[in-house]
Amino acid sequence: MSSDTQKTFFIETFGCQMNFHDSEKVAGSLVSQGYRQVQSVEDADLIFYNTCSIRDKAEQKVFHRLTDFKRLQKQGKQFAVIGCVAQQEGERIFERAPHVSLVAGSASYNRLPEMLVQIAHGQRATGLDDRQTEDTFETDFTARVNPHRGYITIIEGCDKFCAYCVVPYTRGRERSRTSESVLEEARKIVESGLTEVQLLGQNVNSYQDPLGKHTFASLLAEVGRVPGIRRVRFTTSHPRHFTREIVQAIDEVPTLCDHVHLPVQSGSSRVLAAMNREYTREQYLERIAWMKSARRSIAITTDIIVGFPGETEAEFEETLSLMDEVGFDGIFSFKYSPRPNTPALTMENAIPEEEKTRRLAVLNDRQKEIQRASYQRFVGQVLETMVEGARRPLGQLPGRTSQNKPLNFTLPEGAPEPPVGSYVPVRVTRAHPNSLVGEMCPVSTACVVS
Ligand code: SF4
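Residues numbered from 1 in each chain as written. Predicted model: local features only at pLDDT ≥ 70, side-chain atom pairs only at ≥ 80, totals over all residues. Heavy atoms only, no water.

Enquirer: Can you tell me about the sheet that holds strand 13 (residues 299-306), naming the residues and giving the values?
Expert: Spatial strand order, 12-13-14: three strands in an open sheet with parallel pairing. Each of the sheet's edge strands pairs with one partner strand only, and the pair in question is strand 12 (259-261) and strand 14 (330-335). If you compare each strand with its neighbour and ignore which way they point, the axes differ by 15° on average. (Pairing = 2+ DSSP bridges. Helix = DSSP H or I, 4+ residues; strand = E, 2+ residues; numbered from the N terminus. Axes fitted to C-alpha atoms, helices over the stretch in contact; angles between N-to-C directions.)

Enquirer: Please provide a residue-by-residue account of the pairing of strand 5 (residues 100-104), values included.
Expert: Burial of strand 5 is extensive: five of the five residues sit out of reach of the surface. Where strand 4 (residues 78-83) and strand 5 come together, four bridges link them in parallel fashion. Paired with Val81 across the strands is Val103, a residue of strand 5. Here strand 5 pairs with strand 6 (residues 125-127) via three bridges, running parallel. (Buried < 20%, exposed > 50% of the residue type's maximum accessible area, 1.4 Å probe, protein only.)

Enquirer: Lay out the nonpolar core in plain terms, naming residues and giving numbers.
Expert: Within the largest apolar cluster, 66 residues are counted, with the highest numbers of intra-cluster contacts made by Ile154, Leu199, Phe216, Val223, Phe234, Met291 and Phe328. At six residues, the largest contribution of residues to this core is made by helix 8 (residues 216-224). Those residues in contact with Phe216, other than ones at most four positions away along the chain, are Ile154, Leu199, Val204, Asn205, Tyr207, Phe234 and Ile246. Counting 21 residues, the second largest nonpolar core, distinct from the first, contains Phe63, Leu72, Phe79 and Val85. (Core = buried A, V, L, I, M, F, W, Y, C linked by side-chain atoms within 4.5 Å. Contact = heavy atoms within 4.5 Å.)

Enquirer: Residues and numbers for the domain arrangement of the chain, please.
Expert: When its domains are assigned, the chain resolves into domain 1 (8-127), domain 2 (149-372) and domain 3 (382-440). Look at where the C-alpha atoms of domain 1 and domain 2 centre, and you get two points 28 Å apart. Facing 19 residues of domain 1, the contacting portion of domain 2 comprises 22 residues. Put simply, domain 1 and domain 2 have one salt bridge between them. (Domains from an automatic or database assignment. Salt bridge = Lys/Arg side-chain N within 4 Å of Asp/Glu carboxyl O.)

Enquirer: Describe helix 13 (residues 353-375), with residues and values.
Expert: Between its terminal C-alpha atoms helix 13 stretches 32 Å, which fits the 33 Å expected from 23 residues at 1.5 Å a residue. Within helix 13, the full set of buried residues consists of Glu355, Lys356, Arg359, Leu360, Leu363, Gln367, Ile370, Gln371, Ser374 and Tyr375. Looking at the packing, one finds that the buried side of helix 13 touches strand 13, helix 12 (313-326), strand 14, strand 18 (423-431) and strand 19 (436-440). (Expected span 1.5 Å × (residues − 1).)

Enquirer: Account for the packing of aromatic side chains, with residues named and values stated.
Expert: Counted according to the given criterion, the structure contains nine aromatic pairs. Both rings, one in Tyr109 and one in Phe137, keep their centres 5.3 Å apart while their planes meet at 70°; by these two values the pair is edge-to-face. Here the residue Tyr109 occupies a position in the loop between strand 5 and helix 5 (112-120), and Phe137 occupies one in the loop between strand 6 and strand 7 (149-153), the gap between them amounting to 28 residues. As far as burial versus exposure is concerned, Tyr109 and Phe137 are alike and both buried. Measuring from centroid to centroid gives 6.2 Å for Tyr279 and Tyr284, while their planes differ by 35°, and the two rings are tilted. In this structure, Tyr279 and Tyr284 share a single accessibility class: buried. Each residue in the set Tyr164, Phe308 and Tyr336 is aromatic and connected to the rest through ring pairs, giving one cluster. Over the face of the ring belonging to Phe63 we find Arg96, whose NZ or CZ atom lies 3.8 Å from the ring centre. The ring of Tyr423 carries Arg230 above its face, with NZ or CZ at 3.9 Å from the centroid. (Phe/Tyr/Trp six-rings, centres within 6.5 Å; stacked < 30°, edge-to-face > 60°. Lys NZ or Arg CZ within 6 Å of the ring centre and 35° of its normal.)

Enquirer: Account for the side chain of Glu156, naming residues and giving values.
Expert: Its place among the elements puts Glu156 in strand 8 (residues 155-156). When sequence neighbours within four positions are dropped, the list of residues in contact with Glu156 reads Ser106, Thr136, Phe137, Arg173, Glu174 and Arg175.

Enquirer: Explain the environment of Ser32 to me, using residue names and the numbers behind them.
Expert: Along the chain, Ser32 falls in helix 1 (residues 17-32). On a C-alpha basis, the gap between Ser32 and Phe141 in space is 7.1 Å, while along the polypeptide they are 109 residues apart.

Enquirer: How would you summarise the sheet that holds strand 16 (residues 399-401) if you had to cite specific residues and measurements?
Expert: The strand order 16-15-18-19-17 describes an open sheet built from five strands, whose pairing is mixed. Looking along the sheet, the strands with just one partner apiece sit at the ends: strand 16 and strand 17 (407-410). On average, each strand axis in the sheet is inclined to that of its neighbour by 50°, with strand direction left out of account. Relative to strand 16, strand 15 (residues 382-387) runs antiparallel, the two sharing three bridges. Considered in strand 16, the bridge of Thr385 is made with Thr401.

Enquirer: Tell me about the environment of Thr319, and please be specific about residues and values.
Expert: Mapped onto the elements of the fold, Thr319 is located in helix 12. Here Thr319 falls in the buried class, since its relative accessible area comes to 1%. The sequence separation of Thr319 and Ile305 amounts to 14 residues, and the corresponding C-alpha distance is 9.5 Å. Polar side-chain contacts of Thr319 include one of 2.9 Å to the backbone nitrogen of Gly267. (Polar contact = N/O pair within 3.5 Å; in protein donor to acceptor, adjacent residues only side chain to side chain.)

Enquirer: Provide a residue-level description of the packing of helix 7 (residues 179-191) against helix 8, including the pertinent values.
Expert: Axes are the key here: two packed helices are described by the angle between their axes and the distance separating the axes. At a closest axis distance of 10 Å, the pairing of helix 7 and helix 8 adopts a crossing angle of 25°. The orientation of helix 7 with respect to helix 8, classified from their angle, is roughly parallel. Remark: the crossing between helix 7 and helix 8 carries right-handed chirality. Here Ser179, Val182, Leu183 and Ala186 of helix 7 lie close against helix 8, whose contacting residues are Leu219, Glu222 and Val223. (Parallel < 35°, antiparallel > 145°, perpendicular 65-115°, else oblique. Left-handed = near helix turned anticlockwise from the far one by under 90°.)

Enquirer: Let's hear about the pattern of salt bridges: which residues, and what values?
Expert: Within this structure, the stated rule accounts for 34 salt bridges. For Arg359, the salt bridge identified is with Glu313, shortest N-O distance 3.9 Å. Separated by 46 residues along the polypeptide, Arg359 in helix 13 and Glu313 in helix 12 bring together distant segments of the chain. Exposure remark for Arg359: the relative accessible area of 5% places this residue in the buried category. Lys405 serves as the salt-bridge partner of Asp329, at 2.8 Å between the closest nitrogen and oxygen.

Enquirer: Talk me through the site of the ligand; I want residue IDs and the actual numbers.
Expert: By nearness alone, every residue bordering the ligand is listed as Cys158, Lys160, Phe161, Cys162, Tyr164, Cys165, Val167, Pro168, Asn203, His238 and Arg277. For the shell around the ligand, a count of residues per class yields seven nonpolar, two polar and two charged. (Near = heavy atom within 4 Å. Nonpolar A, V, L, I, M, F, W, Y, C, P; charged D, E, K, R; others polar.)

Pasting the structure below:
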C-alpha cells in the first residue's frame, strides 16, 4: 500500500505484443490521471491483469490468478481485469471473482479515466465493446518498457473471422489511426532516444488511412524516412493484404528491416478454406516468390496450426512440403485449440490430442533441420547488430540483426562495451538452429557489413 496520497498501480500482462503495448498505453493513461506505477502487487493500490484468450485454458489461468489475488483484498487493494478474457467473459468475471472492481476490453480503454473515477467511489466499472467502437486507443503519454524499441499500434481489431480465432470477438472491428498521428508518434519515439520502431496490428497490412493519404506500404516507407529512425519492423501481416508494394518499400528504404512475418497456418488449400483464411496455398507461395525476387534478402517467418478439425495426414504433409519449399527462417507452431464463440468449435472430425502432439513434434523437427541448414549461410558474414543488453556472465552481449535473428557476440580484447541500443558490425563465427554467435569487429579493422 502506498504511504503517500498518490495512488499506485501494478500491471501484469499476458499474450501478444499488442497486449504488452496496450499495457504501456494503459500505464500512460493512469500516470496521466495521477497514478504512480509500481513493480509489485504488494506495493500497489490497484492491480491490473491484462489477459490473453488465444489459447485453451486461458480463462482458468485468469480465475486462478484472481483467486491468488483475493488474499490481498483484505489490504484494501482493488483489482481490474482487462484485455481479451475481460471482453470475452465480461460481467461473468464479477460473479466468479466478486473482489474485482473493473472489467474492460481493449476497445474501451479510452474510457479508463471515467472507469477509474467510478471504482475510486467504490462502484464497479465495465468497458465491454460489441464491435461498434470506431475509436483507436491513443494516449498522450506511453510508459514504454522496451529499452531499445518503440511500439506503435497503427490498426486495432480484426474483421477476418478466421474459424479458430477469438480476436474479432475480443478486440472489436478493424479501425486505423491517421497516418499523421502514427508519424507524430514515430518522431516522439526518436525524441525519446530510441532508434527502432515496430508497427503493430492484428493485421497490420490491412491498414486504411482515415486521411486517405497513405497505403500501408507508403506509410511504412514514410516511417522509415523519419530522421533518427534506424530500423522499422511490422507485425502481424495477413497474406490476403500482402502486396508487391510492401516488398518494393523494403527494397527502396534501407531502414525497413529485411524481415517479414507472414502467417500461413496451413499448407493445404482445403484446410485454409475451412479456416476461412481467404487465400490458397498457391496465392501464399506467390507472395513468397515476390519476397524471394526482391533485391534485398528478406527473412520470412510464419505461424502454423496443426490438427485443425478435419486435417488429414495428407493435408498435414502439404504443410510440411510447403515448409520445405519456402525454407522459413523461423516458425511459431501451435496445436489447434478450441476457442469459445468460434465456428471451428462445432466443426466435426476433431483431431485427437495425442495426434496433434505427434504432428507438432514432426513439424518442429522438420523446421529445426531447415533452420540448421539455412542459418549456416551467415557464418563468415559481417552483420550490423543492435546491442540489446549488457554483457552476460559468460562474456557475450545479446544482439539482434535487422532480419530479427538473435546474434550473441563477444568483444575484441580491450574493446569498450557498446551501449544498449547502439549498432555494431559483428562477424558471425557459429550458427545454432535459432541464433547466431559472433565477434564484434575491432574498430581498427575495415569490417564491411554484408
Ligand atoms: S486474421 Fe484471423 S487469426 Fe489473425 S487476428 Fe484476425 S481472426 Fe485472428
